[in-house]
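Read off the chains here:
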Amino acid sequence: MVPTEIKLMADKRSIDLYLKLLESGSEKKRDIRLVVVGKQGAGKTSLIRRLFGEDDIKDVTSTNGIKIHKIKCKAMSDDGKWNTLDENYEETETNARLLKEYVGKLQDKRTIKEPVEAHIAFKDNTPVTSVDESKKLETASKQPDIIKPPSEHPVNPQQPNQSSEQAAKDFETMLSAKSKVDVNDKEEYATFMLWDFAGDEEFYHTHQTFLSQDAIYLVVTKLNEAYDPKAQALFRLWIDSIHCYSRLEEQNIISDDKTTTSGDLDPPVVIVGTWKDAVKLEADTVEEACRKSLLVYTKNLADDERGHVRIEYFISNEEDDCSVFQQIRLDIINLARGMRTWNKDYPLKFIQLEQRLQEKKKELPIITYQEIKHISTDTPNPLSEEELILFLEFHHDLRSLVYFKDLPENIILDTQWLSDAFKCIVTAKKFQATTKIQTKWDEFYHTGQLNYEVVEYIFKKETTILYEHKEYILKVMEKFDIIIRPNQLEGADENPCFYVPCMVKAEPEIDIYKMFNVTKDIRKRSTWLCFKFIFLPPHLHNHLIASLSRKYNIAERVVTGQKERQIALFKSTAVFELEETTKLRKLLVMTCPNVIQIQVWEFGEDIKNGWYKYIADFVTEELNTIMHTRFKMSNVKFEKTWECGLTEPKCVTGSNKFLEEPITEYQCDTCQIKHMFIDEWSDQQNKALTVSVIWSIYHVQHTSCLHQLSDDKNK
């Protein structure tokens, strides 16, 4: 009965609170999240147009950032029609959901003499009404006087008469509003939120912000590029990323009373192979040739990853007729019916607040917390502050709005607006129309270092409201690690530069050890500490770099023959100052396939046992927080291993495991000689030495006692 997002909240009281909200009134929820991903040029936007019933796709342009569509379709019957909804229509649909609940309550209280069937319909995108006007007026004549706002006359949800009167007033308001409904149609409906993700590589980091476990994914790939290594890598990236959100412990749960042993995993994936008409016919039929191409993409998938794949299609957006896309629509709705989020009870109080926020979103995409708090109390069944916080946190996890407890001043109602703000940074080049800060623009493109003046220029050029809220937007971007605000010393510039991880493309021009004059000395380079993943999520490295940047300063070096200082932040490499004043200790962080590896350089004393335990603990805790708390990727795990510090970064495999019984020396495969094992990453040896010392003291004392007893006996 409780959504996964509620179960995973840090405050476990949220579950009880949600159940109490259901007791106060609920409605069945059939909202489905549909996410379309794939390489640029694969035909995602054309596919969406065809799914919407549009045959003409000649003027299709690539998606820039993320485009969100709202779709309405019949939930129970299989007519396979999708209707896109505008904001007014969304309001109509929300009113309909409220009416279903209110009509029953009003009938029970006999505020309406004649029964009204509260079933809502939308036909051909044109709302209609069959409510008789005289009945509407009769109902209006029975309404109580206008109730003052809750701030003056609070409504107690436990008072049924007052609640019914307010419900009757709201009912009349909805009937008299411009959103008209057909109360005689008994069809049930579902709403799709379709997220069209751009295929440009620069956007992949921002896309991770909007991935979800409770979604259906359309992974689109070009069949005629099956032998292109880059196309294969991007296909694998999306399947791996989706697999991060699976919950293996719940793999057999489909709905309330259905289980499966088929090995299916959620989230479900629909693979759509496009450009069927461009596949070289090296088989007897086009179908066989397409199947062969798809097998090239999927041959290296792990067995459990294959459990996500439900259906595979081979299509041509240009040549296939409507029946092909009709079948895809029908299969998607059938998949939706099998998901555990389908037809779940949803609090009526939440729907009431959703209705008010939809109206507000037409005016502004962002509002203050105090304003939303006032709106939440100005309803027939007002929300307590605790219930409001639960609403905000729940919808934040669904990404239907954005709310952070530690950024309480504002709430973003329109996630499309937020996505567009992200897009402004990633596609900043289109805003460059001035030469006044030319060097700062060049710096951004080359190193990913974003000067505050550039940010101001971008936001001012986009929209007034974006510029007015730029400080808050920048803080939200920091929360999602779209940008990094580096650690600042006291007295530093109030408007510092930022780092944009997804824009960092440069690799070190010279060897990273030469860059900082690091000697090849086992006493000055720590062993490598490796975090080994079965699959490393694409941008986990960027999130870790962001976390470290908030704690330590990124190291810099003076480029020979130049006055400028170069920051040590590159695509897969970063160096941090662990001792800001003396600069005698630095941290190297690198990413290799499925491994994050770190090393400490000492320029002063020799490395000692247990010195870097605090660093190992910090990185471990941050990785777990990013994976399991921030992005709910419970399926992602790592193990910690180590390797000789003289091993070249690209050759590190992390082949040595930490043992419960500490070792003092080892034979190094890299150096082919014996090394002392310092174990600077933990205090395991210290613990072992402490136990050894205690045991020695005990042994001496015990022996002494035995001798004393023997002497006493002899005496």
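Rules and cut-offs
Residues numbered from 1 in each chain as written. Predicted model: local features only at pLDDT ≥ 70, side-chain atom pairs only at ≥ 80, totals over all residues. Heavy atoms only, no water. Helix = DSSP H or I, 4+ residues; strand = E, 2+ residues; numbered from the N terminus. Buried < 20%, exposed > 50% of the residue type's maximum accessible area, 1.4 Å probe, protein only. Contact = heavy atoms within 4.5 Å. Areas by Shrake-Rupley, 256 points an atom, 1.4 Å probe, with all protein chains shown as cover. Salt bridge = Lys/Arg side-chain N within 4 Å of Asp/Glu carboxyl O. Expected span 1.5 Å × (residues − 1). Pairing = 2+ DSSP bridges.

**Student:** Explanation requested: the overall build of the protein in the structure shown.
**Tutor:** Helix and strand content of the protein: 23 helices and 26 strands. In the protein, which comprises 715 residues, the share counted as buried stands at 53%. Taking contacts inside the protein between residues at least 6 apart in sequence as the whole, the part at least 24 apart equals 72%. Accessible surface, the protein: about 34200 Å² in total, of which carbon and sulfur atoms supply 50%.

**Student:** Help me understand the pattern of salt bridges, please; the structure alone is not making it clear to me.
**Tutor:** Pairs may arise between side chains of opposite charge once their charged atoms sit close together. Enumeration over the complete set of coordinates arrives at 35 salt bridges. In this structure, the salt-bridge partner of Arg310 is Asp264, at a minimum N-O distance of 3.9 Å. Pair noted here: Arg310 is in strand β10 (residues 309-314) and Asp264 is in the loop between β8 (258-259) and β9 (269-274), with a separation of 46 residues, a long-range link. Take Arg310: its relative accessible area is 24%, and that puts it in the partly exposed class. With a closest N to O distance of 3.1 Å, Lys524 and Asp606 form a salt bridge. With Lys524 in the loop between α20 (512-515) and β16 (528-533) and Asp606 in the loop between β22 (595-602) and α22 (613-630), this pair connects stretches of sequence that are 82 residues apart. If you follow the salt bridges from partner to partner, you end up with Lys39, Lys222 and Glu225 in one network.

**Student:** Explain helix α11 (residues 322-337) here, please?
**Tutor:** Each turn of an α-helix holds 3.6 residues, which means side chains three or four residues apart point in the same direction. The end-to-end C-alpha separation of α11 is 23 Å, in line with the 22 Å expected for 16 residues at 1.5 Å each. Taken as a whole, α11 has its buried residues at Phe325, Ile328, Arg329, Leu330, Asp331, Ile332, Ile333, Leu335 and Ala336.

**Student:** I would appreciate a short explanation of the pairing of strand β20 (residues 573-577) in the present structure.
**Tutor:** Each regular strand shows side chains that alternate between the opposite faces of the sheet. Across the five residues of β20, five count as buried, placing the element largely inside the fold. Residues of β20 alternate between two faces, with Thr573, Val575 and Glu577 on one and Ala574 and Phe576 on the opposite face, all of them buried. Of the pairings in the sheet, the one linking strand β17 (residues 553-554) to β20 comprises two bridges and is antiparallel in character. Bridge pairing in β20 links Ile554 to Phe576. Judged from the five bridges that link them, β20 and strand β21 (residues 585-592) form a sheet pairing that is antiparallel. Considered in β21, the bridge of Glu577 is made with Lys586.

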